[in-house]
Structures are given as structure tokens and as C-alpha cells.
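Working through the structure, step by step
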Amino acid sequence: MPEGHTLHRLAGEIGATFGRRRVRVSSPQGRFSDAATLLDRATLRGAEAAGKHLFVEFSGQRYVHVHLGLIGSFVLGTGTAPEPRGAVRLRFATRSSYADLRGPTVCELIGPGERAAVLDRLGPDPLREDADPEQAWRRIGRSRAPIAALLMQQEVLAGVGNVYRAELLFRHGIDPQTPGCRLDRQRWLLMWDDLVQLMRAGVASGRIDTVRCAHTPEAMGREPRVDDHGGEVYVYRRAGMPCWVCGEEVRTEVLAGRNLFWCPTCQDRRPA
DNA sequence: GGAAGATGACAAG
DNA sequence: TTGTCCTCTTCCC
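Here's a quick rundown of the structure. (Residues numbered from 1 in each chain as written. Chains lettered and ligands numbered in written order. Predicted model: local features only at pLDDT ≥ 70, side-chain atom pairs only at ≥ 80, totals over all residues. Heavy atoms only, no water.)

1. Let's talk about the side chain of Arg 115
Which entries qualify depends on this criterion: Helix and strand definitions follow DSSP, with helices as H or I runs of at least four residues and strands as E runs of at least two, each counted in order from the N terminus. Contacts: residue pairs with any heavy atoms within 4.5 Å of one another.
Structurally, Arg 115 is set in helix 3 (residues 112-121). Sequence-distant contacts of Arg 115, that is, excluding residues within four places in its chain, are made with Glu 48, Phe 55, Tyr 63 and Ile 110.

This is how it looks when you write it as C-alpha cells:
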């Protein structure tokens, strides 16, 4: 289940596995059949991620635009592709590798103009070299919305999802309800740097791990715990359990339709 | 076997 | 804010 690190990792894997090769493209499930027919046996040029969006480029400036949504997955395998299991929306295959896409909210064939339009509406992505944290700050620093909501808005900041937002706020001791405009710019820049490191580690390991990737004082000297997701986290989905740092019970609340997790004692950083 | 939930995003009201 | 879509896994009966 994907936040931005998943998509960047996927882009790397798809590029390394299929890049500059002629690829069989199909849609066993059927919902992408017309486009798959157009792309079949074309050369896959490369793959790129922006926030939670993935663009797989084929010859002729054709792009497959994928968004995994909440439940989508794109899984690579080696060897001859097996009989498709379940609803495989899109399959790439060569003689030695294959990749199956299931459950995306977006899987469409687009051109360069549509790709540019997607990129234009996204905020800076901490995983992209060209990203500018000041661009996000211009939105955050002017908004009265809670910082926990702003971090999830892809036009403010691209690639952060529910896990990174919860963990980032914890690591910086910030009350999730703090309005964006009450945050100070220096703190935002520290948060950005932290995100860059956390998300790069996520790309490298394929999971979100905010405890082992520890470089804030709060994280020192604590026993890491392996989370259900395979990563180690401070507050995400730990409602009712003791905070690793202070022992207070981790709280949860629905904010903007999503479960938020935080420690009320550690996260008391309030506007001055 | 069925319901609920899950790292997302959009439209409608 | 609510409903909807996407698919799979986990939990409970």
C-alpha cells in the first residue's frame, strides 16, 4: 500500500527491468485492453514517479499513467508470466520478467500534455531533486487548516500519505491540529529535510520505517518495534498503546476522513 | 462465507 | 462532510 516512496521504488524497478526493451502489454482483466493493444510490443523507454503518480513511458511519447490509490499494487516477478490471478488490470512481460498491476484508481494512456498537467498540479515531492520546500511553505504558511490535513494535500506536498504525516508530526513534536499559518518556517524546513531522509530510506528499503531511521532526539535509546506493515513506527496505528517515548497512550481521531494518530504529551508543540 | 478495513482521491452537496 | 470506486486480507460467525 503506497505512499510516495512506493512509487519511486516502482519506477526504479520498472525502468531497470523493462527500460529500453520491447514489452508485451496486456490487460487480462479487460479494462485496459484497448490501450494495451496499442502499446503491445512497443519499446518501454523508462518510468518516473511524481508524488503518488507513476508514468511509464513508451515510444512515441506515450505514457501509462498509474495511481495506485488506497489498495492498488504493482508487483514484479521473474521468469515467464504465470496465468493471471485475480483482477490484473495491466501486465508488462518479457521472456524473463513480468509486472502485474491490480486495483489502481488510475490506469490510463496519455500524452505529454496530460502528463505535464498532472505534474503541474502537484506540490513539491521530497523524493525529486527539483523539489522546492519553499513552494510548499507558501501554501502551508498561509493556511488556517490543520497541519495534519495540509500534509496530505497533494497540491501542497506530493507523496506524503497517512503514515508519513503521523510519523513526521510525532518526530517534530507537533500537535496535529496546529494551523499551517502558526507553524514557523524554520520548523517547516527541518520537517522537509526529515521527510527527504525518511522517504529516501523508504525507497531503499521498500517500507516505512521511522524509528530505525532515527536522527531526532525523541528517537534515541528506544526499543524499535516491528509494525504489522514491516516497518517500525512511533504512532501510526498504535492507538491505545503506550508512546515509545513518554508512555502516554497514543490517541486516534478521524481527520478529513482519515485516521490520525498522535501522542498528546509528546506532540504539544503549539504556536507561540 | 461475509463484513470490515486498508498507506487515496474525487465529486457532490 | 459524505459517498463512491478500486482489490485483497483478516477476522468473525
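Moving on from the model shown.
2. Description of the pattern of salt bridges
Between side chains of opposite charge, a pair can form when the charged atoms approach closely. Test applied: Every case where a carboxyl oxygen of Asp or Glu lies within 4 Å of a side-chain nitrogen of Lys or Arg is listed as a salt bridge. Between buried and exposed lies partly exposed: a residue is buried under 20% and exposed over 50% of the maximum accessible area for its type, with that area taken using a 1.4 Å probe on protein chains only.
What the rule picks out here adds up to 12 salt bridges. In this structure, Glu 13 engages Arg 9 in a salt bridge whose closest nitrogen and oxygen atoms are separated by 3.7 Å. Taken as a pair, Glu 13 and Arg 9 lie in helix 1 (residues 4-18) at a separation of 4 residues, close to a single helical turn. A relative accessible area of 30% places Glu 13 in the partly exposed class. Across the salt bridge formed by Glu 129 and Arg 200, the nearest N and O atoms sit 3.9 Å from each other. Residue Glu 129 is found in the loop between helix 3 and helix 4 (133-140), and its partner Arg 200 is found in helix 7 (residues 185-205); the two are separated by 71 residues along the sequence. Sharing partners across several salt bridges, the network here consists of Glu 48, Arg 115, Arg 128 and Asp 130.

3. Considerations on the protein's contact with DNA strand C
Cut-off, in case you're wondering: Summary of the distance rule: residues count as near a molecule or strand when at least one heavy atom falls within 4 Å of that molecule or strand. For the purposes of these results, a polar contact is taken to be a pair of N or O atoms within 3.5 Å, where, inside protein, one atom must be able to donate a hydrogen and its partner to accept one; residues adjacent in sequence count only when each atom of the pair is a side-chain atom. For this classification, Asp, Glu, Lys and Arg are treated as charged, while Ala, Val, Leu, Ile, Met, Phe, Trp, Tyr, Cys and Pro are nonpolar and the rest, including Gly, are polar.
Surveying the vicinity of DNA strand C reveals the residues Gln 29, Arg 31, Ile 71, Gly 86, Ala 87, Arg 89, Arg 102, Gly 103 and Thr 105. In the interface set of DNA strand C, defined as its atoms within 4 Å of the protein, sugar plus phosphate atoms amount to 52%. Arg 102 has a polar side-chain atom sitting 3.2 Å from a phosphate oxygen of DNA strand C. Here the residues of the surface near DNA strand C are counted per class, giving 2 nonpolar, 4 polar and 3 charged.

4. Regarding the packing of helix 6 (residues 162-171) against helix 7
Quick note on the threshold: Axis angles are defined between N-to-C directions and span 0 to 180 degrees, where every axis is a line fitted to C-alpha atoms and, for a helix, only to the segment in contact. Note on angle classes: values under 35 degrees are labelled roughly parallel, values over 145 roughly antiparallel, values of 65 to 115 roughly perpendicular, and the remainder oblique. When the near helix sits turned anticlockwise from the far one by under a right angle, the crossing is termed left-handed; a clockwise turn instead gives a right-handed crossing.
As a packed pair, helix 6 and helix 7 sit with axes 11 Å apart at the nearest point and diverge in direction by 130°. When the axes of helix 6 and helix 7 are compared, the pair comes out oblique. In the crossing of helix 6 with helix 7, the sense of the turn from one axis to the other is right-handed. Residues Tyr 164, Leu 168, Leu 169 and Arg 171 of helix 6 touch helix 7, and the partners they reach there are Met 191, Asp 194, Leu 195, Leu 198, Met 199 and Gly 202.

5. Brief notes about the environment of Arg 139
Structurally, Arg 139 can be placed in helix 4. Expressed as a C-alpha distance, the spacing of Arg 139 and Cys 181, which sit 42 residues apart in the sequence, is 8.9 Å. In this structure Arg 139 touches Glu 155 and Val 156, once residues within four positions along its chain are discounted.

6. A short note on the sheet that holds strand 3 (residues 43-50)
Rule in force here: The rule for pairing is simple: two strands pair if DSSP sees at least two bridges between them.
With antiparallel pairing, 5 strands are arranged side by side in an open sheet as 1-3-4-5-9. One side of each edge strand has no neighbouring strand; the edge strands of this open sheet are strand 1 (21-22) and strand 9 (106-110). Against the sheet, helix 1 makes contact with strand 1, strand 3 and strand 4 (53-58), and its axis sits at roughly 165° relative to strand 3, the strand it touches most. Running over the sheet, helix 3 touches strand 3, strand 4, strand 5 (62-67) and strand 9 and is turned about 160° from strand 4.

7. A word on the pairing of strand 7 (residues 88-93)
Across the 6 residues of strand 7, 6 count as buried, placing the element largely inside the fold. Strand direction decides the pairing type here: strand 2 (residues 24-26) and strand 7, joined by 3 bridges, are antiparallel. In the sheet register, Arg 24 faces strand 7, and the bridge partner there is Ala 93. Bridging between strand 7 and strand 8 (residues 97-102) involves 5 bridges; their strand directions are antiparallel. Opposite Leu 90, over in strand 8, you have Leu 101 as the bridge partner. Taking the residues between adjacent antiparallel strands as the criterion, strand 7 and strand 8 are bridged by 3 residues.

8. Thoughts on the nonpolar core
To keep things clear, this is the line we draw: For our purposes a nonpolar core is just a set of buried Ala, Val, Leu, Ile, Met, Phe, Trp, Tyr and Cys residues, chained together by side-chain atoms within 4.5 Å.
Ranked by internal contacts, the top residues of the largest apolar core, which has 43 residues, are Ile 140, Ile 147, Leu 151, Leu 157, Trp 188 and Val 235. Where this core is concerned, the elements lending two or more residues are helix 4, helix 5 (147-150), helix 6, helix 7 and strand 11 (258-262). With 8 residues, helix 7 is the single largest residue contributor to this core. Excluding its chain neighbours within four sequence positions, the residues that come into contact with Ile 140 are Ile 147, Leu 150, Val 156, Gly 180, Cys 181, Leu 183 and Trp 188. Listed in part, the 26 residues of the second largest apolar core include Leu 39, Ala 42, Phe 74 and Phe 92.

9. A word on the packing of helix 4 against helix 7
The N-to-C vectors of helix 4 and helix 7 enclose an angle of 130°; their axes lie 10 Å apart at closest approach. By the angle between their directions, the pair helix 4 and helix 7 is classed as oblique. Viewed along their axes, helix 4 and helix 7 form a crossing whose handedness is right-handed. On the side of helix 4, the interface is formed by Pro 133, Glu 134, Ala 136, Trp 137 and Ile 140, while helix 7 contributes Arg 185, Trp 188, Leu 189 and Trp 192. In the contact of helix 4 with helix 7, the residues fall into 7 nonpolar, no polar and 2 charged.

Read these as geometric descriptors, not functional statements.
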